[in-house]
Amino acid sequence: MILFIIISCICSFYLLFPLLSPFISFLGGKFKLKDTELRADFACVITVYKEKDIAWPLVRALLAQDYPNYHIYLVADGINEKMDLMEHEKLTIYQPKPFLNSKVASLGLVLEEMKERHSHVVVFDPDNLVPSHFLRVISKFHANGFKAVQGKRIAKNIAGTYAALDALGEYYYDFAVRNLPFQLGSSSTIAGSGMSIEKNLYRENIAKELLTLEKRGVVVAEDKSLQSELVDQGHIIAYAGAAIIFDEKITGAEQIGRQRGRWLNSYFGQLPENLKLIGKGLMKMDWNRVYFAVMTAMPPMVVLVGLSGLLAILALLVNWIYFFLLTGSLILFALGFLLLLLLNKTPQKVLLAIPKIPLFV
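Residues numbered from 1 in each chain as written. Predicted model: local features only at pLDDT ≥ 70, side-chain atom pairs only at ≥ 80, totals over all residues. Heavy atoms only, no water.

Colleague: Help me understand the packing of helix 3 (residues 103-113) against helix 6 (residues 199-216), please; the structure alone is not making it clear to me.
Modeller: A pair of packed helices can be characterised by two numbers: the angle between their axes and the separation between those axes. At their nearest, the axes of helix 3 and helix 6 sit 9 Å apart, and the two run at 135 degrees to each other. Taken together, helix 3 and helix 6 sit at an angle that is classed as oblique. Helix 3 and helix 6 meet at a crossing whose hand is left-handed. Side by side, helix 3 and helix 6 meet where Val 104, Ala 105, Leu 107, Gly 108 and Leu 111 of the first sit next to Tyr 202, Arg 203, Ile 206, Glu 209, Leu 210 and Leu 213 of the second. (Axes fitted to C-alpha atoms, helices over the stretch in contact; angles between N-to-C directions. Helix = DSSP H or I, 4+ residues; strand = E, 2+ residues; numbered from the N terminus. Parallel < 35°, antiparallel > 145°, perpendicular 65-115°, else oblique. Left-handed = near helix turned anticlockwise from the far one by under 90°. Contact = heavy atoms within 4.5 Å.)

Colleague: How do you make sense of the sheet that holds strand 4 (residues 120-124) when you look at a structure like this?
Modeller: Within a sheet, neighbouring strands are paired by backbone hydrogen bonds and run either parallel or antiparallel to one another. Ordered by their spatial adjacency, seven strands build an open sheet running 3-2-1-4-6-5-7, and the pairing between neighbours is mixed. Across the chains shown, the open sheet's two edge strands, defined by having one partner strand only, are strand 3 (91-94) and strand 7 (237-247). Mean inter-strand twist for the sheet, computed between neighbouring axes without regard to direction, equals 25 degrees. Here strand 5 (residues 148-155) pairs with strand 6 (residues 195-198) via three bridges, running antiparallel. (Pairing = 2+ DSSP bridges.)

Colleague: What am I meant to see in helix 11 (residues 320-343) here?
Modeller: The α-helix advances 3.6 residues per turn, and as a result positions three or four apart in sequence lie on the same side. Its 24 residues place the ends of helix 11 34 Å apart at the C-alpha level, agreeing with the 34 Å of an ideal helix rising 1.5 Å per residue. Among the residues of helix 11, the N-terminal cap falls to Asn 319, whose side-chain oxygen and the backbone nitrogen of Ile 321 are separated by 2.9 Å. Phi turns positive one or two residues past the end of helix 11, at Lys 345, with a value near 55 degrees. (Expected span 1.5 Å × (residues − 1). Polar contact = N/O pair within 3.5 Å; in protein donor to acceptor, adjacent residues only side chain to side chain.)

Colleague: Would you take a moment to explain a nonpolar patch on the surface for this structure?
Modeller: On the surface, Met 1, Leu 310, Ile 313, Leu 314, Leu 316, Leu 317, Val 318, Trp 320 and Phe 324 cluster together to form a nonpolar patch covering roughly 990 Å² of accessible area. Listed by contribution, the elements that provide at least two residues to the nonpolar patch are helix 10 (301-318) and helix 11. Inspection of the secondary structure puts Ile 313 in helix 10. (Patch = residues over 30% accessible without salt bridge, like charges linked within 9 Å, V, L, I, M, F, W, Y side chains within 5 Å. Areas by Shrake-Rupley, 256 points an atom, 1.4 Å probe, with all protein chains shown as cover. Salt bridge = Lys/Arg side-chain N within 4 Å of Asp/Glu carboxyl O.)

Colleague: Where do I start with helix 2 (residues 56-63) in this structure?
Modeller: Those residues of helix 2 lying buried are Trp 56, Leu 58, Val 59, Ala 61 and Leu 62. Those residues of helix 2 that are buried are in contact with strand 1 (42-49), strand 2 (70-77), strand 3 and strand 4. (Buried < 20%, exposed > 50% of the residue type's maximum accessible area, 1.4 Å probe, protein only.)

Colleague: Is there a simple way to explain the pairing of strand 2 in this structure?
Modeller: Sheet faces and side chains relate simply in a regular strand, where the side chains alternate between the two faces. Most of strand 2 is tucked away, with eight of its eight residues classed as buried. On strand 2, burial covers both faces: Tyr 70, Ile 72, Leu 74 and Ala 76 on one face and His 71, Tyr 73, Val 75 and Asp 77 on the other are all buried. Alignment of strand 1 against strand 2, held across eight bridges, turns out to be parallel. Across the sheet, Ala 43 pairs through a bridge with His 71, a residue of strand 2.

Colleague: Just to check I follow, could you spell out the pattern of salt bridges for this structure?
Modeller: Pairing between side chains of opposite charge can happen when the charged atoms of each approach one another. Tallied over the entire structure, the rule returns 18 salt bridges. For Asp 41, the salt bridge is made with Arg 117, and the minimal N-O distance between the two is 2.6 Å. Residue Asp 41 is found in the loop between helix 1 (2-25) and strand 1, and its partner Arg 117 is found in the loop between helix 3 and strand 4; the two are separated by 76 residues along the sequence. Notably, a salt bridge pairs Asp 232 with Lys 280, separated by 3.1 Å at the nearest N-O pair. One end of the pair, Asp 232, is in helix 7 (residues 222-232); the other, Lys 280, is in helix 8 (residues 253-284), and 48 residues separate them in sequence.

Structure representation (structure tokens):
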């Protein structure tokens with residue numbers, strides 16, 4: 001009975017958590033950047049695996065940046081045939097042999113070989129696209145003292161049921177775990193692409209991930225350990241809403257299964273670190289640590305809603321009070337979900353996919 005009560009209260013807390021955060025954020029002023037002349041020098045890293053031509057649109061978009069201090073590093077791993085070289089003074093291509101077969105190993109290669117003048121590293125997925133002002137916007141945040149900055153990811157494709165549903169999650173999480181935390185004085189989560197990290201900090205993190213790769217043979221979600229490490233070190237991860245990254249969304253059910261399987265694996269693998277971070281934050285009275293760790297310890301939506309629904313049914317046999325608590329929390333969670341999508345100006349075509357969420361599950 002005690003275990004049932006504890007789990008029910010935790011589920012109710014996390015069901016209400018996304019709804020409470022926007023109201024709290026409205027009480028404070030939005031962060032304003034100060035004008036400064038400091039300019040970052042970016043290493044823009046693109047890691048490709050087996051898909052020979054996928055990254056060229058992104059390369060062209062980066063070469064069109066209205067910001068002078070950057071260089072592009074493209075790692076083409078797992079490709080036997082010679083790459084169709086696009087020669088440019090701002091582009092370096094690595095085609096490792098033997099194959100690295102790992103994103104972390106590809107990142108390690110670039111960090112070892114890149115020019116020393118770079119101050120920050122920006123990581124991209126090969127199917128991303130960015131507008132010409134992307135690096136300029138990110139630079140302003142670094143000039144204001146932030147060591148890590150996450151841009152705003154927007155769906156590049158929303159045609160088709162699964163792409164629209166994937167985009168739906170992107171719009172929700174962009175607001176709930178990136179924009180809102182930063183407005184509340186805590187840290188944005190890192191999305192895995194479109195984030196910029198101070199070079200020395202990133203080198204230290206990837207060096208640790210390379211040791212994990214050597215021991216275990218695989219690194220599931222290097223971005224999750226990076227964000228926890230940054231917050232644990234006392235850094236605030238900034239959210240740059242004007243630094244847009246267009247991200248390719250999933251189009252098939254099989255892709256969804258693989259991707260969400262990795263996400264669930266990374267969540268449960270990272271949960272002990274999140275709980276430790278909560279403890280450290282409470283001991284040091286550190287808002288950034290506490291809020292960020294509580295937020296990232298939130299169960300994946302499918303697990304949270306599914307478990308809450310089962311507990312609500314079980315509560316009919318155990319205690320009716322918890323039935324009303326869980327059912328009310330589920331209703332408020334649904335309202336909060338819609339509210340955050342509307343606050344993030346989610347396109348109508350994406351909103352129309354909401355009734356099809358069971359397909360995604």
